[in-house]
Amino acid sequence: MPFQDITSDIRAAAPDLRGRLLANQEMAGLTWFRVGGPAQILFTPADEADLSYLLGKLPAEIPVTVVGLGSNLIVRDGGIPGVVIRLAGKAFGEIALEEGDRLRAGTAVPDVKVARAAADASLDGLAFYRGIPGCIGGALRMNAGAHGGETTDVLVEARGVTRKGEIVTFSHADMGFSYRNSTAPSDMIFTSALFQGRPGDQAAILAEMERVTSAREAAQPIKERTGGSTFKNPDGGKAWQLIDAAGCRGLRVGGAQVSEMHCNFLINTGGATAADIEGLGEEVRRRVKDNSGYELHWEIKRFGVAA
Ligand SMILES: Cc1cc2nc3c(=O)[nH]c(=O)nc-3n(C[C@H](O)[C@H](O)[C@H](O)COP(=O)(O)OP(=O)(O)OC[C@H]3O[C@@H](n4cnc5c(N)ncnc54)[C@H](O)[C@@H]3O)c2cc1C
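**Student:** Requested: an account of the overall build of the chain, with residues and values cited.
**Tutor:** Across its full length, the chain holds nine helices and 21 strands. Over its C-alpha atoms the chain spans a radius of gyration of 20 Å, differing by no more than 12% from the 19 Å that the globule rule assigns to 307 residues. Along the three orthogonal principal directions, the C-alpha set of the chain runs to about 55 × 55 × 30 Å. Contacts in the chain between residues at least 24 apart in sequence constitute 65% of all its contacts with a sequence separation of at least 6. Of the roughly 13500 Å² of accessible surface on the chain, 49% is carried by carbon and sulfur atoms.

This is the structure in structure tokens:
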């Protein structure tokens, strides 16, 4: 069932809007899992001022969701009610070097491009972004990290727009980073980030990026339709080991399967629905709890409503 088309209501409330509004826009193609229903409205802001304008005018009862590159995301089969915001590279894709070994990036920039730009400038400390398939907006929300580095280690400040349309700057402390999480308000839409690097040896940085790439190809099903690590590692345990010990390696629900290669990755083997993937995740949680007593918590974000 498609959602009601509310584009004309939004245009009436925000007549000077410059960005693109699309009703009932399919989301599956915007996520790595390739599943899920449509966005009631998909909004691509023309720039930060346009984003702020829409949020300032949008009635408070209309929910707003922001997505990045969809690499840590399940969109449920019934789709996402309200306005889904996706920042385009054209307006939010700039990278600039700044004084003091710093680099500023728009939040639509893929993490890998930040790693490459830092390497080009012989800036050390950002090579870990080489292997994370999201964009900087997702990295800020998730405190993305790998291979000994995390966003919290390198972030100076982030800029964004609140649900009411105010443009604000968050210091590192304001971001409230912890393992794969930030306590910045959940409706905050980040628009850019300032990172601190340190002078380094370019050959060594490139070698580190190469090491990250090879380690990933060997250990993760990176060519599959997946959402990355499904569950956070609980205190004192590793999610993949607990899942393996509970006998879930290769477990299937419909078209969804626990990866044979890395037990904390779920895979859409072809015809999975979002309900298959989420249901498989819940079954894994249940079996791990029964087997070990550990309670696994979702790292993957789940948006929208069931079909
Ligand atoms: C093969 C594979 C390997 C992975 N390996 C790693 C890894 O090693 N380390 C790691 O940390 N993660 C890993 N991930 C998970 C994922 O890549 C990261 O969490 C990434 O940071 C998500 O970014 P995204 O742009 O895809 O965000 P999405 O998946 O689109 O969204 C994730 C969250 O970020 C929020 N978000 C996105 N953009 C913004 C914005 N502009 N403002 C505010 N919130 C925003 C969304 O609302 C959502 O809550 C992996 C995923 C895959 C598929």
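**Student:** Before we move on, could you go through helix H9 (residues 274–292) and cite the residues and values that matter?
**Tutor:** Under the 1.5 Å per step criterion, the end-to-end length of H9 is 27 Å for 19 residues, consistent within 8% with the ideal 27 Å. Taken as a whole, H9 has its buried residues at Ala274, Asp276, Ile277, Glu278, Leu280, Gly281, Glu283, Val284, Arg285 and Val288. On its buried face, H9 is in contact with strand E4 (73–75), helix H8 (239–245), strand E18 (252–253), strand E19 (256–258), strand E20 (265–268) and strand E21 (301–303). Backbone geometry just downstream of H9 places Gly293 in the positive-phi region, at approximately 85°.

**Student:** Account for the site of the ligand, with residues named and values stated.
**Tutor:** As a matter of local geometry, the ligand sits amid 36 residues, with Val66, Gly68, Ser71, Gly145 and Arg216 nearest to it. A distance of 2.9 Å is found between an oxygen atom of the ligand and a backbone nitrogen or oxygen belonging to Cys135. Contact distances for the ligand include 2.7 Å between a nitrogen atom and a backbone N or O atom of Gly145. Protein coverage of the free-state accessible area of the ligand, which is 970 Å², stands at 97%. The set of elements that each furnish at least two residues to the shell around the ligand consists of strand E3 (64–67), helix H5 (136–142), strand E9 (145–146), strand E15 (189–196), strand E17 (225–229) and E21. For the shell around the ligand, the element with the most residues is H5, which contributes five residues.

**Student:** If you had to explain the sheet that holds E19 to someone new, which residues and values would you point to?
**Tutor:** Taken in spatial order, the four strands of this open sheet run E17-E20-E19-E18, and their pairing is antiparallel. Each of the sheet's edge strands pairs with one partner strand only, and the pair in question is E17 and E18. Pairing between E17 and E20: three bridges, direction antiparallel. Counted as the bridge partner of Arg225 is Asn268 from E20. With respect to the sheet, H9 is in contact with E18, E19 and E20, its orientation differing from that of E19 by roughly 35°.

**Student:** A description of the domain arrangement of the chain should follow, citing residues and the corresponding values.
**Tutor:** For the chain, the assigned domains are domain 1 (7–90), domain 2 (93–204) and domain 3 (221–303). At the interface, 16 residues of domain 1 touch 22 residues of domain 3. In total, about 1600 Å² of surface goes out of reach between domain 1 and domain 3, with carbon and sulfur atoms giving 59% of it. Ionic pairing is found between Glu278 and Arg76, a salt bridge with its closest N-O pair at 2.8 Å. On the surface where domain 1 and domain 3 come into contact, there are nine residue pairs in polar contact (both at pLDDT 80 or more). Counting residues per element, the ones that place at least two in the side of domain 1 that touches domain 3 are E3 and E4. Here the side of domain 1 that touches domain 3 is built from residues that sort into nine nonpolar, four polar and three charged.

**Student:** Lay out the packing of aromatic side chains with the relevant residues and their values.
**Tutor:** Two measures describe an aromatic ring pair: the distance that separates the ring centres and the angle between the ring planes. What the rule picks out here adds up to three aromatic pairs. Arranged with centres 5.8 Å apart and planes meeting at 70°, the rings of Tyr129 and Phe195 form a pair that is edge-to-face. Taken as a pair, Tyr129 in the loop between strand E8 (123–124) and H5 and Phe195 in strand E15 lie far apart in primary sequence, 66 residues in all. In this structure, Tyr129 and Phe195 share a single accessibility class: buried. For the pair Phe231 and Trp298, a centre-to-centre distance of 5.1 Å together with 55° between the ring planes defines the contact as tilted. Taken as a pair, Phe231 in the loop between E17 and H8 and Trp298 in the loop between H9 and E21 lie far apart in primary sequence, 67 residues in all. In terms of burial, Phe231 and Trp298 fall into one category: buried. Within the aromatic cluster, the residues linked to one another by ring pairs are Phe128, Tyr129 and Phe195.

**Student:** Give a description of the pairing of strand E7 (residues 102–106) that names residues and reports values.
**Tutor:** Here strand E6 (residues 95–98) pairs with E7 via four bridges, running antiparallel. Its bridge partner being in E7, Ile95 is matched across the sheet by Ala105. Counting the residues that bridge the hairpin from E6 to E7 gives three residues, and of these Gly100 lies at a positive phi of roughly 80°. As paired strands, E7 and E15 are joined by five bridges and run antiparallel to one another. Pairing of Arg102 across the sheet is with Gln196, part of E15.

What counts and what doesn't
- Residues numbered from 1 in each chain as written.
- Predicted model: local features only at pLDDT ≥ 70, side-chain atom pairs only at ≥ 80, totals over all residues.
- Heavy atoms only, no water.
- Helix = DSSP H or I, 4+ residues; strand = E, 2+ residues; numbered from the N terminus.
- Rg over C-alpha atoms; globule rule 2.2 N^0.38 Å.
- Contact = heavy atoms within 4.5 Å.
- Areas by Shrake-Rupley, 256 points an atom, 1.4 Å probe, with all protein chains shown as cover.
- Expected span 1.5 Å × (residues − 1).
- Buried < 20%, exposed > 50% of the residue type's maximum accessible area, 1.4 Å probe, protein only.
- Near = heavy atom within 4 Å.
- Polar contact = N/O pair within 3.5 Å; in protein donor to acceptor, adjacent residues only side chain to side chain.
- Pairing = 2+ DSSP bridges.
- Axes fitted to C-alpha atoms, helices over the stretch in contact; angles between N-to-C directions.
- Domains from an automatic or database assignment.
- Buried area = accessible area lost by both parts, 1.4 Å probe.
- Salt bridge = Lys/Arg side-chain N within 4 Å of Asp/Glu carboxyl O.
- Nonpolar A, V, L, I, M, F, W, Y, C, P; charged D, E, K, R; others polar.
- Phe/Tyr/Trp six-rings, centres within 6.5 Å; stacked < 30°, edge-to-face > 60°.

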